[in-house]
Amino acid sequence: TDDAHLVNSHNLKVINELRESGMWGGKVNVVEAGSKMIDETENEFYRYYSNFVGSIVNFFLAIESNIFVGTEISSYSTLAINSRLYRESRENYFYRPQGLHWRTPPNVTKPHWFTC
């Protein structure tokens, strides 16, 4: 739909700005590493499957990070946030055009239900 396209376009613009400048006035770095890092490896097998291997790297970076910011219309973000919830990592946010929404405050005990 047009609404989903607008949200996705806005999110991409904001993510690119955050990668450049960081979050909260540059206090928090935003990392996107997966496929690019794998493309630069000398291992030909990993380079051949860089999209797949890169997504695995990104997923483990996401669940091991101090803070995760994703979007609620993403199955990837939902998987990362739910994995982090079960690991007791509570600094998980959905980015919305109005600002960040804390998805896993202490009173949340159930995982996010993804719908699209």
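Residues numbered from 1 in each chain as written. Predicted model: local features only at pLDDT ≥ 70, side-chain atom pairs only at ≥ 80, totals over all residues. Heavy atoms only, no water.

S.K.: Looking at this structure, I do not really get helix H5 (residues 75–86). What am I missing?
M.R.: Helical geometry note: an α-helix holds 3.6 residues per turn, so side chains three or four residues apart project in the same direction. An ideal rise of 1.5 Å per residue puts 16 Å on twelve residues; H5 measures up with 17 Å between its terminal C-alpha atoms. Listing the buried residues of H5 in full gives Ser77, Thr78, Ala80, Ile81, Asn82, Arg84 and Leu85. Positive phi shows up at Glu88, right after H5, with a value of about 70°. (Helix = DSSP H or I, 4+ residues; strand = E, 2+ residues; numbered from the N terminus. Expected span 1.5 Å × (residues − 1). Buried < 20%, exposed > 50% of the residue type's maximum accessible area, 1.4 Å probe, protein only.)

S.K.: Would you mind showing me how to read the side chain of Ser74 here?
M.R.: Among the structural elements, Ser74 can be located in the loop between strand S1 (68–70) and H5. Looking at Ser74, the relative accessible area reads 16%, which means it is buried.

S.K.: I keep staring at the nonpolar core and nothing clicks. Help me out?
M.R.: The tendency in soluble globular proteins is for nonpolar side chains to be buried as a group. One finds Phe59, Ala62, Ile63, Phe68, Ala80, Ile81 and Phe94 forming the largest nonpolar core, which totals seven residues. Elements with a contribution of two residues or more to this core: helix H4 (50–64) and H5. In terms of residue count, the dominant contributor to this core is H4 (three residues). (Core = buried A, V, L, I, M, F, W, Y, C linked by side-chain atoms within 4.5 Å.)

S.K.: Quick question: what am I supposed to make of the pairing of strand S2 (residues 92–96) here?
M.R.: On a regular strand, one side chain projects to one face of the sheet and the next to the other, so that they alternate. Here three bridges tie S1 to S2, and the two strands are oriented parallel to one another. Each residue of the ladder has a partner; that of Phe68, found in S2, is Asn92. Traced from S1 through H5 to S2, the parallel crossover comes out right-handed. Sheet topology places S2 next to strand S3 (residues 99–102); four bridges connect them, and they run antiparallel. By the bridge assignment for S3, Phe94 is matched with His101. Hairpin connection of S2 to S3: two residues between the antiparallel strands. (Pairing = 2+ DSSP bridges. Right-handed = clockwise from strand over helix to strand, strands pointing away.)

S.K.: Help me out: how do you make sense of a nonpolar patch on the surface in this one?
M.R.: Nonpolar side chains collect at one region of the surface, where Phe45, Tyr46, Tyr48, Tyr49, Phe52, Ile56 and Phe60 lie side by side and expose about 820 Å² of accessible area between them. Contributions of two or more residues to the nonpolar patch are made by helix H3 (44–48) and H4. Residue placement: Ile56 occurs in helix H4. Classification of Ile56 by relative accessible area gives partly exposed; the value is 35%. (Patch = residues over 30% accessible without salt bridge, like charges linked within 9 Å, V, L, I, M, F, W, Y side chains within 5 Å. Areas by Shrake-Rupley, 256 points an atom, 1.4 Å probe, with all protein chains shown as cover. Salt bridge = Lys/Arg side-chain N within 4 Å of Asp/Glu carboxyl O.)

Purely geometric numbers; function is a separate question.
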